[in-house]
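Breakdown of the fold
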Amino acid sequence: MSGVSSLSASLVTNPTSRLPYYAIQCTDFLGFVPKGRPINVTLSWRFPVRTQVGVIQLFGLNRTKLKLKSFAFSVPNENDQAQLCDSGTCTGDEMLVPFENDENLKGPDEEIVSSVLGTEVDLLRTVEHLGNKGSVVEKLKAVYLHVLASEQWNASQLKLCHRNYLDSATNLIHYLALRCLDIQQLKEDLTLVGLMNLEIINLHVLSSLNASIQLLEALKSNSLNPKDSISAGIFREKRLDPQNDGKFTIQTMREKASSNSEFLLGRLQDGRTTHIMVTVGQEATENETFITDLIKAGTSIIRINCAHGNPSIWSEIIKRVKESSQMLEKRCRILMDLAGPKLRTGKLKSGPSVVKISPKKNASGNVVFPAQVWLSHREAGPPPTHLSPDAVLFVDDQQFLSELEIGDTIRFSDARGKKRMLRISKKIHVFSGTGCVAECTRTAYVQSGTELHLKGKKRRSQLGKVVDVPAVEPYIRLRVGDLLVITRCSSSELDKLPVSMSGTHKITCSSGYLFDSVKPGEPIAFDDGKIWGVIKGTDISEIIVSITHASPKGSKLGSDKSINIPESNIRFEGLTSKDLMDLEFVAAYADIVGVSFVRDIHDIVVLRQELEKRKLQNLGVILKIETKSGFENLPLMLLEAMKSSNPLGVMIARGDLAVECGWEMLADMQEEIISLCGAAHIPVVWATQVLESLVKSGVPTRAEITDAAHGRRVKCVMLNKGKHIVKAVSTLDNILHSKSAERKVDVKPVILSSHHLR
């Protein structure tokens, strides 16, 4: 083992002192220490939890010559023999310690002396003197050496990383090494002297530690002597001091993080610092100005979920994005999410094609505001964005619409045969024709084929017909105590089953993973945790669930809603057959692919192989963290993904993550993900329920505004589709960027006089 020595360490009781120390057995020390000769090393201080860390200087004494070598060691304590450190940088009680071979140290007359690292070492100190608590600077130096040693221990893993990510992967290793230590006392000591917070140096670990050490050394000597600096004094071997080649400076690390973000998400314009991503679906193809309005409001990335729609719809959305981006001269990238192995409810039987028109009523049932109804021809598209009608009706005859005037009354019979009226209040010219806003003061149910009659004193009777009324979204309503039967069969087969008893409902799920994994007594959640239940029984084709949580009036469960089984031992394949088919489309038309439900290194290996097979080295990749295993394996998955040149990012999918891991854990988990990705210089996408109330109702909650403001800490914030999405994008842009981020709250200065102080 050229340049490397293998050591083993064990805890030894000191008979003359209460101080703990370790006997380090050298199996091969390149002639520096005779093979098999033990060296007793006493620690002057130690980190008390999980990992014992020390820094040793070995001096070879040969008459009057003194040779010095430094290395760091880390060994398990008596309470945790099996695991050395959380980061996975070392295992067991053997360590590979970097050590240069030095021919001048060989010789039979040499004697080995050990001491704890210090700026002034007195080799004649006794064990009791060494037991005194080390200073802050000594502890920092020990941490620094431990961080460097972890890089050496993981050298083989780092060599596999692509050159684009080598420095970032190394900094991630440094951060994980720091995190595996119990440094609470050290953090408090640094706070007392007004120095760095070890919690926020993840972007540039090595440089921050080095800068603090040099500052403390300068404070001790009242002058910064380069010869006494950490670079010149402690790390005499160049390969142990990456600072010498400038790769790990604070500025370099910041530039690396910025370039990785631009590589994946694109360069921001107009002084913006955070991207806004918006999920769109088929509604983007039904409105000529929808995509343009989103980009104008501040959207820089459009997301398409491959779990919904088809290639025809996706192609139309992408076409409109590119046209709008080019017309506005604003960059907008395309992200397409692979559906992944997500469990979902099956299709329910479609409801009737009818739309309900409901005026606003007070508590007494009296109408306080008539329902607003948009009338237009199908080709005219949806209503303008500044309108928020309660219902939309498409009429087959454009001539009928063009002859309508403000104040006209339209009469019709609804689906129940009830006589109803619409009164025209506005007439608006739209993209390809004329649209009208009508008021309805009584509840009505309108279906396709409903005849609209216009009669005037000086005009002959006009007739129009309502067309293309969409089917009502089907659902079942679940209440606490209800039984839900999940079956393998399709929705068409479900219709043939016997009618359910009162309080018992049936729904389908085509995934065999669900039926093969769950056991009685395990919890199960639906629709991102809106409904919870416990499994009462299972067989090869059915699962019986007792509902334990739902809204007081019952919660709706519809088609294609999520199913989560957080405590079940389920093993998904990384990429499904549908994912592989969709990947071909994504590769041809999108800039970034989102990979759902990644859980471990195997998923990343499969993904990397598929990308290499298709020669997609430039396709951006976003890993979606949605499960507990995905969260726990994130560092290893990042290092595995860094073996490719593909632009890389991580999405915190807070919906599934909260359901899988528990609501109370979500805040800590998202902070941990942001810190880890920051150390790896990987951009983070903040997703799920951002400004959700604003998107759906047009009015945000106070908590949502605060949550959105925290999005400044990441590189991208994602909004889901909704009725008021354009307004939500504009609001989020104001929150994230200059219009509110730079606004300062003016506080009038108070000058205290002697009168105030009395």
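Per an unreviewed UniProt entry, the chain is named Pyruvate kinase barrel domain-containing protein, and its organism is Populus tomentosa. Here is the UniProt Cofactor (unreviewed entry) comment for the chain, exactly as written: "K(+)".

A count of helical and extended segments in the chain gives 24 helices and 34 strands. When the 758 residues of the chain are sorted by exposure, 52% land in the buried category. Working note: accessible area of the chain is about 36900 Å², and carbon and sulfur atoms make up 51% of it.

Below, the discussion takes up the packing of helix α10 (residues 311–328) against helix α14 (residues 577–589). Where α10 meets α14, the closest approach of the two axes is 12 Å, and the angle between their N-to-C directions is 15°. As judged from the angle between their axes, α10 and α14 are roughly parallel. As α10 runs across α14, the sense of the crossing is right-handed. Counted together, P311, W314, S315, I318 and K322 of α10 and D582, F585 and Y589 of α14 form the full contact between these two elements. Looking at the contact of α10 with α14 residue by residue, the class counts come to five nonpolar, one polar and two charged.

Two descriptors summarise a pair of aromatic rings, namely the distance from one centre to the other and the angle between the planes of the rings. In this structure the tally under the stated criterion is two aromatic pairs. A centroid spacing of 5.5 Å and a plane angle of 65° characterise the contact between W314 and F585, whose relative ring orientation is edge-to-face. Note that W314 is positioned in helix α10 and F585 in helix α14, a separation of 271 residues in sequence. For W314, a relative accessible area of 3% corresponds to the buried category. On the basis of relative accessibility, which here comes to 12%, the residue F585 falls in the buried class. The cationic tip of K556 hangs over the ring face of Y475; the distance from NZ or CZ to the ring centre is 4.6 Å.

On the surface, K356, K361, K418 and R442 cluster together to form a positively charged patch. Looking at where K418 falls in the secondary structure, it is placed in the loop between β16 (409–413) and β17 (419–430).

This next bit is on the environment of T508. Summarising the element assignment, T508 is placed in strand β24 (residues 504–508). A sequence separation of 22 residues divides T508 from I486, and the C-alpha atoms of the two residues are 5.3 Å apart.

The subject of this paragraph is the pattern of salt bridges. The tally for this structure, following the rule as stated, stands at 24 salt bridges. R320 is the partner of E316 in a salt bridge, and the nearest nitrogen-oxygen pair spans 2.8 Å. Residue E316 and its partner R320 are both found in helix α10; the two are separated by four residues, about one turn of the helix. Take R320: its relative accessible area is 12%, and that puts it in the buried class.

With that settled, the discussion passes to the nonpolar core. Counting 106 residues, the largest nonpolar core has V280 and M336 as the members making the most contacts within it. When sequence neighbours within four positions are dropped, the list of residues in contact with V280 reads F290, I291, L294, I302, R303, I304 and I317.

Another aspect to go through is the sheet that holds strand β10 (residues 333–337). Judged by pairing direction, the barrel is parallel, and its eight strands sit side by side in the order β8-β9-β10-β30-β31-β32-β33-β34 before closing back on the first. If you compare each strand with its neighbour and ignore which way they point, the axes differ by 25° on average. Bridge count for strand β31 (residues 620–625) against strand β32 (residues 648–653) is five bridges, and the pairing is parallel. Paired with I625 across the bridge in β32 is I652. On the sheet, α10 packs against β9 (301–305) and β10 and is oriented at approximately 175° with respect to β9. Against the sheet, helix α19 (residues 666–679) contacts β31, β32 and β33 (684–687), and its axis sits at roughly 175° relative to β32.

Thresholds applied
- Residues numbered from 1 in each chain as written.
- Predicted model: local features only at pLDDT ≥ 70, side-chain atom pairs only at ≥ 80, totals over all residues.
- Heavy atoms only, no water.
- UniProt positions renumbered as here; feature names shortened; annotations may be inferred.
- Helix = DSSP H or I, 4+ residues; strand = E, 2+ residues; numbered from the N terminus.
- Buried < 20%, exposed > 50% of the residue type's maximum accessible area, 1.4 Å probe, protein only.
- Areas by Shrake-Rupley, 256 points an atom, 1.4 Å probe, with all protein chains shown as cover.
- Axes fitted to C-alpha atoms, helices over the stretch in contact; angles between N-to-C directions.
- Parallel < 35°, antiparallel > 145°, perpendicular 65-115°, else oblique.
- Left-handed = near helix turned anticlockwise from the far one by under 90°.
- Contact = heavy atoms within 4.5 Å.
- Nonpolar A, V, L, I, M, F, W, Y, C, P; charged D, E, K, R; others polar.
- Phe/Tyr/Trp six-rings, centres within 6.5 Å; stacked < 30°, edge-to-face > 60°.
- Lys NZ or Arg CZ within 6 Å of the ring centre and 35° of its normal.
- Patch = residues over 30% accessible without salt bridge, like charges linked within 9 Å, V, L, I, M, F, W, Y side chains within 5 Å.
- Salt bridge = Lys/Arg side-chain N within 4 Å of Asp/Glu carboxyl O.
- Lys, Arg positive; Asp, Glu negative; His and termini not counted.
- Charge placed at Lys NZ, Arg CZ, Asp CG, Glu CD.
- Core = buried A, V, L, I, M, F, W, Y, C linked by side-chain atoms within 4.5 Å.
- Pairing = 2+ DSSP bridges.

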